[in-house]
Amino acid sequence: MDSKRISSSSQQHSRLRKKRTKREWRPLEDRSCTDLPWFLLFTVFCVGMGSICGFTIVTGGAARLVFGYDSYGNTCGRRNERIEGVQLSGLDHTDRKYVFFLDPCNIDIVQRKIKSMALCVSLCPTEELKTYQDLKSFAMTNGSELCSYELPAHKYPALPERLSRCPKLPVPRSKPLPLFNRCTPVDVSCYAKFAEAVVTFVGDSSVLHRLIAGVAASKEIIIGLCVLALALSMILMVIIRYISAVLVWILTSLVVLGSLAGTGVLWWLYIDHRLYGNDTSSKVLKDVKEEAGEELRDGGQALLVYAASVTVFTIILLLLMLFMRKRVALTIALFHVAGKVFIHLPLLTLQPFVTFLALLLFWVYWVLVLLFLGTTGNPEQNEETGLTEFRLTGSLQYLTWYHAVGLVWISEFILACQQMTVAGAVVTYYFTRDKNRLPVTPILSSVLRLVRYHLGTVAKGSFIITLVKIPRLILMYVHNQLKGRENVCARCLLKSCICCLWCLEKCLNYLNQNAYAATAINSTSFCTSARDAFVILVENALRVATINAVGDFVLFLGKVLIMTCTAFAGVLLLNYQRDYAEWLLPLIIVCLFSFLVAHCFLSIFEIVVDVLFLCFAIDTKYNDGTPGKEFFMDKALMEFVESSRRLERAGGRGRSRVKEATSEGAEMKPMAPGTSSA
């Protein structure tokens with residue numbers, strides 16, 4: 001009796017545990033924090049990033065960058081302490097607030113810095129100084145000495161050190177940069193060599209000047225066309241649901257017709273070669289060497305191989321189109337519902353702006369701290385130039401690597417926050433039966449849920465992408481450094497590794513995005529959500545392949561459409577303004593910006609489609625439309641499910657009729673001779 005009681009109680013306990021662990025696959029009201037250790041780790045990492053900035057400020061690196069410093073380690077505009085072993089250090093530069101370079105045009109293109117002695121001066125030269133007498137007059141009049149500190153201003157023309165310690169003549173007219181107190185030549189032709197090195201396709205500096213002048217003259221039109229690209233992108237996100245069916249079937253028809261036409265042309269060329277090539281080859285064999293005939297035969301074999309390969313490809317393509325035609329209809333239905341999502345959730349269109357603003361602010365901060373690190377450290381004299389530079393030594397060198405990892409991880413974290421926010425809003429829309437009862441601001445609600453519960457999940461997912469991206473970036477850097485030096489095998493190996501890491505990164509990005517959607521539904525941790533989403537995707541592998549192939553190409557066509565419309569408007573406007581002699585560069589800028597804007601907006605549309613598909617797959621798996629298991633899906637998706645069921649029922653009836661006919665045939669089969677009774 002005791003054993004029976006124990007077994008029955010254990011069975012009840014297992015049933016209760018199954019009930020507790022069974023997932024509802026719908027947005028939960030009672031949520032809990034997910035991946036809290038990863039949130040704490042990410043917080044500690046961000047504190048470390050902030051500590052690097054604080055270190056550069058405390059040690060004077062930020063001040064040296066902002067106020068500038070001379071070649072002896074003195075910060076301009078401040079009273080300085082003496083540096084041991086460096087002459088002319090420790091000077092009082094309170095009245096000397098500007099950095100002046102003796103040869104500002106001497107630019108090291110490889111190291112991207114000015115290879116010139118720098119001095120702190122009280123005033124930048126406002127006029128061109130052609131002689132040393134002009135240098136003397138400028139110093140005596142304005143009190144701004146442009147030669148090294150140890151040289152007296154009244155002796156400039158007679159000093160033998162003037163050739164190395166005074167600026168190169170003629171001294172161009174310059175003015176200080178805003179915020180950064182550097183005397184910069186007004187005439188940008190000083191940097192023509194640097195510009196030609198950057199813009200390698202420009203051989204004549206006059207062409208560069210005309211292109212820059214064209215951009216400056218047409219800046220209003222460029223801004224207007226960029227606004228047009230923004231408007232077209234937002235409009236396309238709403239109306240794409242009406243034109244998606246046309247685009248998909250036009251694309252499918254073009255692919256099928258193109259493959260059939262290519263196959264027919266190749267077979268026609270092969271038959272033509274067999275009919276007329278043999279006669280030609282026999283005549284050639286009589287007059288010329290046999291090698292010509294061999295070449296003709298090789299050409300015929302190549303055509304045969306090409307035609308056979310394309311035929312196999314066309315047959316496979318037609319079979320795929322035949323078996324995946326239902327799934328193409330699912331892609332159209334998802335596009336239709338995605339358009340409705342943007343109508344009900346108009347704040348989704350602001351997500352690219354918010355994400356871009358967050359990335360821009362972080363990148364500006366990151367670049368500033370990187371520049372601070374470049375002027376932080378211990379003073380060292382350059383053996384070649386004798387100038388004083390500040391460099392990080394010892395364990396401080398790893399601060400730059402830590403800062404570089406922060407660039408990748410935090411950038412991926414910001415992008416992942418966008419994906420989680422969009423997924424949360426779309427999940428709320430999908431699993432709300434009455435769309436009139438949607439929250440007032442689903443986007444803001446999704447943001448609040450993200451900040452309160454799921455920052456750890458986003459930090460973990462973005463860290464996994466960082467682990468793949470950093471090795472790929474390192475390999476790309478090594479490949480660029482060894483370009484022209486490595487052998488063929490090493491180059492092929494490097495490119496293969498880079499390609500494999502890129503493919504792995506794309507797959508992980510897609511899986512992460514679906515994991516964020518599963519977290520938005522069930523409030524589970526990253527690994528659990530990734531596993532559940534992966535199971536759902538594997539069960540619908542053909543649908544996933546169709547949506548990614550067809551949907552991505554349709555969205556690419558949308559990007560091209562926006563770019564071409566903007567470019568067409570740009571051609572009309574730029575050609576109307578007859579003053580613009582060179583409007584090629586403005587048009588290129590407009591095309592690039594319009595494509596980038598279209599990509600940012602349509603990537604949000606792509607995320608919406610992917611989340612809708614995951615919700616649809618979950619809905620069809622756990623619900624069947626019966627009472628108590630009603631579907632959550634939209635009317636367009638419901639019509640797709642009903643049509644699929646009708647086709648399945650029709651196919652089932654056809655198979656049952658075939659079975660009945662087969663069984664009847666077996667019953668009416670005549671008996672074999674010799675088996676009848678006498």
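Numbers given for residues are sequential positions, taken from 1 along each chain in its written order. Note on the predicted model: pLDDT of at least 70 is required for a residue's local features to be given, and 80 or more for side-chain atom pairs to be given and counted; whole-chain, interface and lining totals, by contrast, use all residues. To obtain the side-chain values, all non-hydrogen atoms of the structure were included, while hydrogens and water were left out.

The name recorded for the protein chain in an unreviewed UniProt entry is Choline transporter-like protein, from Fundulus heteroclitus. UniProt positions are given in the numbering used here, feature names are shortened, and annotations may be inferred rather than shown by experiment. For the protein chain, the Sequence similarities (unreviewed entry) comment in UniProt is given as "Belongs to the CTL (choline transporter-like) family." Taken directly from UniProt, the Function (unreviewed entry) text for the protein chain runs: "Choline transporter."

A few words on the UniProt feature "transmembrane region" (unreviewed entry) in the protein chain. The feature "transmembrane region" (unreviewed entry), as annotated in UniProt, sits at residues 36–58, 221–240, 247–270, 303–323, 353–373, 401–431, 553–577 and 583–616 in this numbering. Under the scheme used here, helices are H or I runs from DSSP no shorter than 4 residues and strands are E runs no shorter than 2 residues, and both carry numbers assigned from the N terminus. For residues 353–373, the helix share is 100%, the strand share is 0%, and the end-to-end C-alpha distance is 30 Å. Secondary structure content for residues 401–431 is 97% helix and 0% strand, while the C-alpha to C-alpha distance between its ends is 45 Å.

This part is about the nonpolar core. Take the buried residues of types Ala, Val, Leu, Ile, Met, Phe, Trp, Tyr and Cys, join any two whose side-chain atoms come within 4.5 Å, and each joined set is a nonpolar core. Any residue under 20% of the maximum accessible area for its type is buried, any over 50% is exposed, and the rest in between are partly exposed; the area is computed with a 1.4 Å probe on protein chains only. Among the nonpolar cores identified, the biggest contains 61 residues, and Tyr430, Phe605, Val608, Leu612 and Leu637 are the most heavily contacted of them. Every element with two or more residues in this core is listed here: helix H8 (219–287), helix H10 (325–344), helix H12 (398–430), helix H14 (488–522), helix H15 (526–539), helix H16 (541–576), helix H17 (584–622) and helix H18 (635–667). Take this core: its biggest share by element is 17 residues, from H17. Only heavy atoms enter the contact rule, under which two residues are in contact if any of them lie within 4.5 Å. Discounting chain neighbours no more than four positions away, the residues touching Phe605 are Met237, Ile240, Phe335, Ala338, Gly339, Phe342 and Leu555. Core analysis: the next-biggest nonpolar cluster, separate from the first, contains 30 residues, Phe100, Phe101, Met117 and Phe138 among them.

In this structure, the second largest pocket encloses a volume near 1400 Å³. Only protein atoms enter the calculation, which uses a 1 Å grid: trapped sets of points that fit a 1.4 Å probe without letting it out are cavities, open sets showing protein on both sides within 12 Å along at least five of seven lines are pockets, and any residue with an atom within 4 Å of a point is a lining residue. Around the second largest pocket, the lining comprises 37 residues; the ones closest to its centre are Leu415, Gln418, His599, Cys600 and Ser603. Of all the secondary structure elements, the ones that give two or more residues to the lining of the second largest pocket are helix H11 (351–374), H12, H14, H16 and H17. Looking at the lining of the second largest pocket element by element, the count peaks at 11 residues for H17. Residues of the lining of the second largest pocket, tallied by class, amount to 20 nonpolar, nine polar and eight charged. Grid points are joined across faces, edges and corners, and a volume is the space filled by probe spheres set on the points. Gly is placed with the polar residues, together with every amino acid not listed as nonpolar (Ala, Val, Leu, Ile, Met, Phe, Trp, Tyr, Cys and Pro) or charged (Asp, Glu, Lys and Arg).

Our focus in this paragraph is the state of the cysteines. Disulfides are defined as pairs of cysteine sulfur atoms found within 2.5 Å of each other. As enumerated under the stated definition, the model contains three disulfides in all. A disulfide bridge connects Cys124 with Cys183, and the sulfur atoms are separated by 1.9 Å. Looking down the S-S bond of the Cys124 and Cys183 bridge, the torsion is -80 degrees, so its handedness is left-handed. On the criterion of sequence distance, the pair formed by Cys124 in the loop between strand E4 (118–121) and helix H4 (132–142) and Cys183 in strand E6 (residues 183–185) is long-range, its members being 59 residues apart. Here Cys124 matches Cys183 in class, with each residue buried. Each disulfide pairs two cysteine sulfurs, and for Cys147 the partner residue is Cys166, the sulfurs being separated by 2.0 Å. As the torsion about the S-S bond is roughly 115 degrees, the Cys147-Cys166 disulfide counts as right-handed. A residue pair is termed long-range when its members are at least 10 positions apart, and Cys147 in the loop between H4 and helix H5 (162–165) and Cys166 in the loop between H5 and strand E5 (174–176) qualify at 19 residues. Judged by its relative accessible area of 0%, Cys147 is buried. Free of any disulfide, Cys499 has its nearest cysteine sulfur in Cys503, 4.3 Å distant.

Moving on: the pattern of salt bridges. Whenever Lys or Arg places a side-chain nitrogen within 4 Å of a carboxyl oxygen from Asp or Glu, that contact is recorded as a salt bridge. Under the definition given, this model contains eight salt bridges. Linking Asp92 and Arg79 is a salt bridge whose minimum nitrogen-to-oxygen distance equals 3.6 Å. Of the two residues, Asp92 sits in the loop between helix H3 (61–67) and strand E1 (98–101) while Arg79 sits in the loop between H3 and E1, which places them 13 residues apart along the sequence. The class for Asp92 is partly exposed, based on a relative accessible area of 44%. The salt bridge partner of Glu145 is Arg96, with a shortest N-O separation of 4.0 Å. Remark: Arg96 occurs in the loop between H3 and E1 and Glu145 occurs in the loop between H4 and H5; sequence separation between them is 49 residues. Note on Arg96: relative accessible area 26%, which makes it partly exposed.

A few words on the confidence of the model for the protein chain. Averaged over every residue, the pLDDT of the protein chain is 77; residues scoring 70 or more account for 77%. For every residue, the predictor states its confidence as a pLDDT score lying anywhere from 0 to 100. Contacts from residues 193–205, a stretch scored under 50 in pLDDT, to residues over four places away or in other chains number nine contacts. Throughout residues 661–678 the model reports pLDDT below 50, and contacts reaching past four residues in sequence, or to other chains, amount to zero contacts.

The next thing to look at is H12. Three or four residues apart is the spacing at which side chains of an α-helix point the same way, because the helix has 3.6 residues per turn. Residue count minus one, scaled by 1.5 Å, sets the expected span of a helix. With 33 residues, H12 should cover 48 Å at 1.5 Å per step; its first-to-last C-alpha distance of 47 Å lies within 8% of that length. The buried count for H12 comes to 25 of 33 residues, which makes it a mostly enclosed element.

Okay, empty space enclosed by the protein next. Taken as a whole and assessed by the stated rule, the structure comprises four cavities of 30 Å³ or more. The volume enclosed by the largest cavity comes to roughly 70 Å³. Around the largest cavity, the lining residues are Phe100, Phe101, Leu102, Pro104, Pro167, Lys168, Val171, Pro172, Ser174, Cys183 and Pro185. Elements that contribute at least two residues to the lining of the largest cavity include exactly E1 and E6. Of the residues that constitute the lining of the largest cavity, the class distribution is nine nonpolar, one polar and one charged. If you add up the space inside the second largest cavity, you get close to 50 Å³. Looking at the second largest cavity, the residues that line it are Glu412, Leu415, Ala416, Gln419, Gly461, Ser462, Ile465, Asn509, Asn512 and Tyr516.

Before going further, it helps to spend a moment on H11. Its 24 residues give H11 an end-to-end C-alpha distance of 34 Å, which sits within 8% of 34 Å, the value for a rise of 1.5 Å per residue. The complete set of buried residues in H11 reads Gln351, Pro352, Thr355, Leu359, Phe362, Trp366, Val369, Phe372 and Leu373.

What follows concerns the packing of aromatic side chains. When the centres of two rings from Phe, Tyr and Trp lie within 6.5 Å, Trp using its six-membered ring, the rings pair. Their planes under 30 degrees apart give stacked, over 60 give edge-to-face, and anything left gives tilted. If you walk through the whole model with that rule in mind, you get 13 aromatic pairs. Measuring from ring centre to ring centre gives 4.9 Å for Phe45 and Trp409, while their planes differ by 50 degrees; the resulting arrangement is tilted. With Phe45 in helix H2 (residues 36–58) and Trp409 in helix H12, this pair connects stretches of sequence that are 364 residues apart. With a centroid separation of 5.8 Å and 50 degrees between ring planes, the pair formed by Tyr72 and Tyr149 is classed as tilted. One end of the pair, Tyr72, is in the loop between H3 and E1; the other, Tyr149, is in the loop between H4 and H5, and 77 residues separate them in sequence. For the pair Tyr72 and Tyr149, one class covers both residues: buried.

The next thing to look at is the packing of H11 against H12. Any two packed helices are characterised by how steeply their axes cross, that is the angle between the axes, and by the distance between the axes. Only the stretch in contact is used when fitting a helix axis, every axis being a line fitted to C-alpha atoms; angles between N-to-C directions are given from 0 to 180 degrees. It is the contact of H11 with H12, at a shortest axis distance of 10 Å, that shows an interaxial angle of 175 degrees. Considering their axes alone, H11 and H12 lie roughly antiparallel with respect to each other. Residue classes in the contact of H11 with H12 are distributed as 16 nonpolar, eight polar and no charged. Any angle from 65 to 115 degrees is called roughly perpendicular, while one under 35 is roughly parallel, one over 145 is roughly antiparallel, and all others are oblique.

It is worth spelling out a nonpolar patch on the surface at this point. Patch members must show over 30% relative accessible area and no salt bridge, and they are joined within 9 Å when carrying like charges or within 5 Å when they are nonpolar side chains of Val, Leu, Ile, Met, Phe, Trp or Tyr. All accessible areas in this document rest on Shrake-Rupley with a 1.4 Å probe, and a residue is counted as covered only by the protein chains that are shown. There is a patch of nonpolar side chains on the surface, built from Met234, Leu347, Leu350, Phe353, Val354 and Leu444 and spanning about 490 Å² of accessible area. Turning to its location among the elements, Met234 is positioned in helix H8.

Within the element layout of this structure, Ser529 appears in helix H15. By relative accessible area, Ser529 is classed as buried at 0%. Sequence-distant contacts of Ser529, that is, excluding residues within four places in its chain, are made with Ala515, Ala518, Thr519 and Thr524.

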